[in-house]
Structure formats: structure tokens, C-alpha cells
Amino acid sequence: MSPNGTFSISKVRPVVLSRIGQPTKLISPITDLNLSVLEKSKQLAAWTAVDQHVKPEHRVIGIGSGSTVPYVVERIVQLGAEANAERVFIPTGFQSKQLIVSSGLNLGDVDQFPTIDVTLDGADEVDRELNCIKGGGACHLREKVLAEAANTFILVADYRKNVEFLGTNFASGIPIEVVPFAYAKVLQNLHHHLGCPQASLRMAIKKAGPVVSDNGNFIIDAPYDQETMKTPYTIMAQIKMLTGVVEVGVFCHMARAAYFGNADGTVTIKWNDGRVEEVAAQA
Ligand SMILES: O=C(CO)[C@H](O)[C@H](O)COP(=O)(O)O
């Protein structure tokens, strides 16, 4: 890695190391010299996940949202026009729809294809049991539908998202999509009945007023203490029961594996059976 934070190697011999350090399988070489360490880690996670989970026989593929997912699409495009000709790609929102279309891939929707072979998506944070926070980009309603519709749901993220307990680095809280007219009532419930006095309506940056989701709804961010976040299913279920809530950005027991690109060029893979693998590219 160069002092300015970019990878300075033009090509490396790719090797996958298992947990006990034995080479097991080849992965993608590092070839792009211009990406920052953070971007490279996202790319490594995404490419490795595509290489391991997008199978030749897969026909319906879910594409998630965020800044890591473009590398998923980049890798899928590299599989070639012939490999992708018979496939249809299902987006989780406006961003991934644009990505699919601009990449020349076939676009579908989940109402046409309610069963998906594999969905690959980003995450705001993932804990040791593969529970995750999603919705930093306000797409978690469609993301959860595509995660549930998928036979295999895979998370891709950079090293900052790999945590023991949710809420460690992602401090803004649990994203909650609510129907607009109910937002004040949901906030009141969170403040007074669900132990979250800091819950607030997410405001837009380059627009006056609140963030509006792709579904025309508002987003509330609800930060909870670490003790609460140690049992994310409980708080997720309680929030979901509030009338006016459309979806909660906590996904429990859904992912088969999470791929985290690391700053040193390795990838950590956490599996839903508790295994943890280290995948390394060696010069
Ligand atoms: O949940 C999401 C959007 O609602 C994204 O998947 C999440 O925010 C991760 O994004 P990034 O890859 O940019 O870190």
C-alpha cells in the first residue's frame, strides 16, 4: 500500500487462506491502482462475494443499495454478456435500479420474481451473529423484502461495519420507515414507551424538510444503548409493532454470510454457522 492510501501493487497472486491459514481457493486479483484503501476494501468484499455466491445457474439476482453495491455490479458485469443474458436483476431502490440499467443488465421487479436465487447487499453494521443494521440509505423496506425473497442473502461491507454488537460504530441508531402522517405519534411512542428519548426524524441535506424514502415515507433514527442492541430481535419486534411503522432497519438471522474487506487487502467472511474465514491476496 502506498503512503497516500492507495494500493501500489499492479497485480498480486490471489490466495484464499482458511481460518487456520491454509490456502484453499483462488480469488480475484487486485488490479485497480486508483482506489482508496476504504474503496478497495469494499471492492474486495463485493468481488469475493460475487465469486463465491453468484452461480452459473442463477437466473434472478437481487441487487442492494449503498456505496459497496456498485462493486457487486462491476463484478457481475465482468462475468460477461453471455453469462448475464438470461438473468434478471431486481433492485432495492432508485440507486440500484439506475445501476442495473446503466450497466446494461436486465431489470425486473420483485412482484414479477418473488423468489430470488441470491441477493447481495450492503450493511451499516453487522454483529457476530450476522444481525445487521440497514437503512442508512433509507432503502431498508425494499432491502428486507429482497432479503426475505432470496434463497441466499449475502452482506458485503468494509471493515468499519464488522462489529461485536450493533451500535458500536453506527451511532445514528435504528432506521425506521414510517408513514408520514404517523411520524409524530411513532416518535412519541419511541420516546416515552420504548426507551429511546433521542429518536428523531431524519432531515434531508440538500432539501428543506425530512428525507423521503423511495416509497414516499419518512425515516426515524432511533439510537439505543449497547445493552438493548445486544438483543436486536427484541427491540426490532417491539418497534415493528408500533402502528405507523412500515419497516425497521434491523435484519435478524437472515444473512448466510457477511463479507468484510479489510484495509490490509484481506477479506473476513463470517458465516451463519459461526465460522469465520480470512481470505488473503498475497504478493
Ligand atoms: O442499508 C443500506 C441502504 O439503506 C445500505 O446497504 C447501507 O447503508 C450500506 O451502505 P454502504 O455500502 O454505503 O456502506
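Remember, predicted model here, so these are calculated numbers, not experimental data.

Among the 5 residues that make up strand β10 (residues 218-222), 5 are buried, leaving the element largely enclosed by the rest of the structure. Alternating residues of β10 divide into F218, I220 and A222 and I219 and D221, and every residue in both groups is buried. Inspection of the sheet shows strand β8 (residues 174-178) paired to β10 by 5 bridges, in the antiparallel sense. For I176, the partnering residue across the bridge sits in β10 and is I220. The pairing of strand β9 (residues 200-201) with β10 spans 2 bridges and is antiparallel. The partner of S200 across the bridge, within β10, is D221.

Turning our attention to the sheet that holds strand β12 (residues 250-251). The antiparallel open sheet is built from 3 strands, whose spatial order is β5-β6-β12. The sheet is open, and its two borders are formed by β5 (125-126) and β12, each paired with just one other strand. Relative to strand β6 (residues 132-133), β5 runs antiparallel, the two sharing 2 bridges. Residue V126 lies in a different strand from β6, and its bridge partner there is C132.

Residue alternation in strand β3 (residues 88-91) divides its side chains into two sets, V88 and I90 and F89 and P91, and both sets are buried. Pairing geometry for strand β2 (residues 60-63) and β3, over 4 bridges, is parallel. Pairing of I63 across the sheet is with P91, part of β3.

Looking at the protein, the domain boundaries give domain 1 (13-164 + 253-282) and domain 2 (174-249). In this complex, domain 1 contributes 15 residues to the contact, which on the side of domain 2 involves 16 residues. Buried surface at the junction of domain 1 and domain 2, both sides included, amounts to about 1,200 Å², of which 57% is carbon and sulfur. Interface area lost by domain 1 to domain 2 is led by H140, L141 and K144, which between them contribute 44%. Linking domain 1 with domain 2 are 1 salt bridge. In this structure, the salt-bridge partner of K144 is E247, at a minimum N-O distance of 3.0 Å. For the interface between domain 1 and domain 2, the tally reads 10 residue pairs in polar contact (both at pLDDT 80 or more).

Close contacts around the ligand come from 16 residues, with S65, S67, T68, D124 and K161 the closest. One of the side-chain N or O atoms of K134 is found 2.9 Å from an oxygen atom in the ligand. Within the complex, 91% of the 380 Å² of free accessible area of the ligand lies under protein. Residues of the shell around the ligand, tallied by class, amount to 3 nonpolar, 8 polar and 5 charged.

What counts as what
- Residues numbered from 1 in each chain as written.
- Predicted model: local features only at pLDDT ≥ 70, side-chain atom pairs only at ≥ 80, totals over all residues.
- Heavy atoms only, no water.
- Buried < 20%, exposed > 50% of the residue type's maximum accessible area, 1.4 Å probe, protein only.
- Helix = DSSP H or I, 4+ residues; strand = E, 2+ residues; numbered from the N terminus.
- Pairing = 2+ DSSP bridges.
- Domains from an automatic or database assignment.
- Contact = heavy atoms within 4.5 Å.
- Buried area = accessible area lost by both parts, 1.4 Å probe.
- Salt bridge = Lys/Arg side-chain N within 4 Å of Asp/Glu carboxyl O.
- Polar contact = N/O pair within 3.5 Å; in protein donor to acceptor, adjacent residues only side chain to side chain.
- Near = heavy atom within 4 Å.
- Areas by Shrake-Rupley, 256 points an atom, 1.4 Å probe, with all protein chains shown as cover.
- Nonpolar A, V, L, I, M, F, W, Y, C, P; charged D, E, K, R; others polar.

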